Structure formats: structure tokens, C-alpha cells
Amino acid sequence: KRLVNGLTKTRDSIVAGIDSIFSGYSNIDDDFYEEIEEILVMGDIGINTTTKIIDHLKERVAEEHITDPAECKQLLIESIKKQMDVGDTAYEFENRKSVVLVIGVNGVGKTTSVGKLAGLLKDQGKKVVLAAADTFRAAAGEQLTEWAHRAGVDIIGGQNGADPASIVYDAVAAAKARNADVLICDTAGRLHNKKNLMEELHKIYRILEKEYPEAYLETLVVLDGTTGQNALQQARQFAEVANVTGIILTKLDGTAKGGIAVAIQSELDIPVKYIGVGESIHDLQKFDADQFVNALFH
Ligand code: GDP
């Protein structure tokens, strides 16, 4: 229900258009496909992924000898799901000792997402420790400290000027001493300075490897869903410098561009693991591609 509410704008933009096509055409012809294509591209699914979806749809229509456009809707839904298939997207880090590194450029909702994720895991009965290792943005530490209080979890760091790697080092010691289930590290994301970012991340990876080898490592990139295709581009750039294992896609509550989730999974083969659908602590949801597509076409 919350998922469906959070996606209202995306659903309205895609589905209203699609439905009018399915009811407005009596034959399946080039115009019919072109109109569907246009709506998917407008819905930020992107041209590459849209082309794959339409090609697959055409194949299925031919295979099943379908002539009634109304019967295409289910096939279209299946084609989109197929494009989003990234295999097993199990939330492994939730079930073992783990470290979650969260990266993303300023303003995408990174700190908020770290806070919400801490709250979500805490609600699942996990012991969570936060590391405020985004020392680049001045207020990030204070802001994360507030989130830690809100979520009721411990936080390490938060003073300006400290070195991110040394904060992670301290946070690992704290996570071990307190027998934490999950250590979530809020780290920087200076895409305009890739070399620095890469060095900083590698330093952190080395510390984790050395000090906490038993922990399962998850690297999540936070992307602002309202930026559409730019978000895809950012994900691609982060994937060049880090071993990205998942995406948190934020601000889907205020945008019609939620189709970007389809493009991300199809083009980058990286699972969207959580979506942000509001500013409060409960506004982070696990993402399930099938459910998402069903909600869009509901
Ligand atoms: P950061 O610079 O990436 O750490 O970004 P912040 O976490 O400070 O978030 C930037 C702004 O986006 C804040 O005003 C947040 O409340 C807002 N925000 C974050 N996630 C969401 C979301 O899922 N939905 C909405 N509507 N706002 C969000």
C-alpha cells in the first residue's frame, strides 16, 4: 500500500498513457508500438532499455499469435520484469555480520537514507552501529548524529576534520566490541574528484579487509530518483570506482521518473535494494522489482 502510494506520480505518467493506447488501438501495428515506446521513454525507462522491452514484446506477440492490443498489456508487464531481472537479489547483509558502505554525491539523500536504513534494521531486531565517515560535507556528521538518536543506534565519529579511514577504523573496533550485526558507514561521494574518492574508498576497503574480514561487505550507492537519466549516469560512474552491490533510489514520492529503476537494473545489472518514498524514518522500503512493476500497472 505504501509502495503504491509512494509511486503515484510515476504510475500516473506511465499507466494513464499505456492504458489509453491499449484501449485506443484496434490493431497491433507500428504506431501502436511507437506510442508505447514513447511513453516508456518519457517515464525515464530510457531508450536502450525501452528498445529491449519493445523487441521482447514484439517477439512474444508473434510467438503467441496475439492480434488484440488489449492482450499485450500482460506481455508488456512481463517484458519489463524480464529486463529488470538481476538474478538473486537476496538481502544477505541483513542476515550476517556485515558492513554497509554508503556512497553518493551531496544532496541525493545519502545521510537521510543511512538514518532510515539504521531505523529499518533496528526495527528488525538488529544491533546497528553508524560511522559518520562523510567528513567532506560540513554538517553531515551532526545530521547523522540526529538520525542515530532518532533510530536509537550508536554512532562513531561526527566531529569535523577527522580522516574517514580512521573513523571507519574506530567504528569497526566499536562494532566488534558491541557485537553489532551491521555497521553502516556514511562515506563521501566526490564524483568530480574520482581519484580522491577512489583512494579514500580503497583505504576504507583495506581497513575492513584487515580489521574485520569476517564481515560481509555491501556497497550501496544512493541516487536521487528525481534526476532520472542523470542518476543512471552517476551509478555508472560509481560502479567504475567501487564494487557496487546495490542502489538506494530516493525521492520516488515526489517524482514521475521512477521508471529509472527499470533502466538501472536493466543497463547496469545492479539491484535497486531500497527506495525512499518520503522524509521520515519509516519512508525507506525494500525494493522488489516484480512488486514495483505490478504497482506501476495496478
Ligand atoms: P545528502 O547530502 O545526500 O546526505 O542528502 P540528505 O540526506 O541531507 O537529503 C537531502 C534532502 O533530501 C533532505 O531534505 C531530505 O529530507 C530529502 N530526502 C531524502 N530522501 C528523501 C525521499 O525519499 N523523499 C523525499 N521527499 N525527500 C527525501
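Values in this document were obtained by computation on a predicted structure and should not be read as measured data.

A. Highlighting a negative patch on the surface. On the surface, D29, D30, D31, E34, E35 and E38 cluster together into a negatively charged patch. Assignment of secondary structure puts E35 in helix 3 (residues 30-42). The exposure class of E35 is partly exposed, given its relative accessible area of 36%.

B. Quick peek at the packing of helix 4 (residues 47-63) against helix 11 (residues 260-268). The N-to-C vectors of helix 4 and helix 11 enclose an angle of 80 degrees; their axes lie 9 Å apart at closest approach. Classified by the interaxial angle, the pair formed by helix 4 and helix 11 is roughly perpendicular. Taking contact as the criterion, the partners of N48, T49, K52 and I53 in helix 4 are, on helix 11, V262, A263, S266 and E267. Tallied by class, residues from the contact of helix 4 with helix 11 come to three nonpolar, three polar and two charged.

C. Highlighting the site of the ligand. Around the ligand lies a shell of 17 residues, among which G107, K110, T112, D253 and E279 are the nearest. At a separation of 3.5 Å, an oxygen atom of the ligand approaches a polar backbone atom of V277. Isolated, the ligand exposes 590 Å² of accessible area, and the fraction of that covered by the protein chains is 80%. Looking at which element gives the most residues to the shell around the ligand, the answer is helix 6 (residues 110-123), with four residues.

D. Structural view of the UniProt feature "domain: SRP54-type proteins GTP-binding" (unreviewed entry) in the protein chain. Taken from the UniProt record, the annotation "domain: SRP54-type proteins GTP-binding" (unreviewed entry) applies to residues 271-284. A distance of 16 Å separates the end C-alpha atoms of residues 271-284, which is 0% helix and 43% strand.

E. Here's a closer look at the pairing of strand 1 (residues 98-103). Burial analysis of strand 1 places six of its six residues in the buried class, which makes it a mostly covered element. Relative to strand 4 (residues 182-187), strand 1 runs parallel, the two sharing five bridges. Residue V100 lies in a different strand from strand 4, and its bridge partner there is I184. Bridge count for strand 1 against strand 5 (residues 216-224) is six bridges, and the pairing is parallel. Bridged to V102 within strand 5 is L220.

F. The environment of A118, seen in detail. The topology assignment puts A118 in helix 6. We classify A118 as buried; its relative accessible area is 0%. The spacing of A118 and L130 is 12 residues in sequence and 7.7 Å in space, taken between C-alpha atoms. Not counting residues within four places of it along the chain, the set of residues in contact with A118 comprises V128, L130, A151, V153 and I184.

G. Examining the pairing of strand 3 (residues 154-157) more closely. Pairing of strand 2 (residues 128-133) with strand 3, which is carried by four bridges, proceeds in the parallel orientation. What sits directly across from L130, in strand 3, is I155.

H. Region of interest: helix 4. Helix length check: helix 4, at 17 residues, gives a terminal C-alpha distance of 24 Å against a target of 24 Å (1.5 Å per residue), a fit within 8%. Turning to helix 4, its buried residues number three or more, namely T49, T50, I53, I54, H56, L57, R60 and V61. Each buried residue of helix 4 lies within a common arc of 165 degrees when the element is viewed along its axis, so the set occupies one face.

I. Molecular detail of the packing of aromatic side chains. One pass over the full model with this rule turns up six aromatic pairs. With a centroid separation of 5.6 Å and an interplanar angle of 65 degrees, the aromatic rings of Y91 and Y274 are classed as edge-to-face. Here the residue Y91 occupies a position in the loop between helix 5 (72-83) and strand 1, and Y274 occupies one in strand 7 (residues 272-276), the gap between them amounting to 183 residues. As far as burial versus exposure is concerned, Y91 and Y274 are alike and both buried. When the centroid spacing of 5.0 Å and the interplanar angle of 55 degrees are considered together, the rings of F287 and F292 count as tilted. Take F287 and F292: they sit in the same class, and that class is buried. Aromatic rings pair up to connect F22, Y25, F32 and Y33 into one cluster.

J. Highlighting the confidence of the model for the protein chain. Taken as a whole, the protein chain shows an average pLDDT of 91; of its residues, 96% reach a score of 70 or greater. Taken over the whole predicted complex, pTM reads 0.93, whereas the ipTM for its chain interfaces reads 0.99.

K. Seen up close, the packing of helix 8 (residues 164-177) against helix 9 (residues 194-211). Relative orientation of the contacting elements helix 8 and helix 9 amounts to 25 degrees, with a least axis distance of 9 Å. Relative to helix 9, the element helix 8 is oriented roughly parallel. Judged by the sense of rotation from one axis to the other, the crossing of helix 8 with helix 9 is right-handed. Taken together, the residues of helix 9 that come into contact with helix 8 (itself represented by P164, A165, V168, Y169, V172 and K176) are E200, K203, I204, I207, L208 and E211. Taken together, the residues that form the contact of helix 8 with helix 9 break down as eight nonpolar, no polar and four charged.

Scoring rules and cut-offs
Residues numbered from 1 in each chain as written. Predicted model: local features only at pLDDT ≥ 70, side-chain atom pairs only at ≥ 80, totals over all residues. Heavy atoms only, no water. Patch = residues over 30% accessible without salt bridge, like charges linked within 9 Å, V, L, I, M, F, W, Y side chains within 5 Å. Areas by Shrake-Rupley, 256 points an atom, 1.4 Å probe, with all protein chains shown as cover. Salt bridge = Lys/Arg side-chain N within 4 Å of Asp/Glu carboxyl O. Lys, Arg positive; Asp, Glu negative; His and termini not counted. Charge placed at Lys NZ, Arg CZ, Asp CG, Glu CD. Helix = DSSP H or I, 4+ residues; strand = E, 2+ residues; numbered from the N terminus. Buried < 20%, exposed > 50% of the residue type's maximum accessible area, 1.4 Å probe, protein only. Axes fitted to C-alpha atoms, helices over the stretch in contact; angles between N-to-C directions. Parallel < 35°, antiparallel > 145°, perpendicular 65-115°, else oblique. Contact = heavy atoms within 4.5 Å. Nonpolar A, V, L, I, M, F, W, Y, C, P; charged D, E, K, R; others polar. Near = heavy atom within 4 Å. Polar contact = N/O pair within 3.5 Å; in protein donor to acceptor, adjacent residues only side chain to side chain. UniProt positions renumbered as here; feature names shortened; annotations may be inferred. Pairing = 2+ DSSP bridges. Expected span 1.5 Å × (residues − 1). Arc of directions from axis to C-beta. Phe/Tyr/Trp six-rings, centres within 6.5 Å; stacked < 30°, edge-to-face > 60°. pLDDT = per-residue confidence, 0-100. Left-handed = near helix turned anticlockwise from the far one by under 90°.

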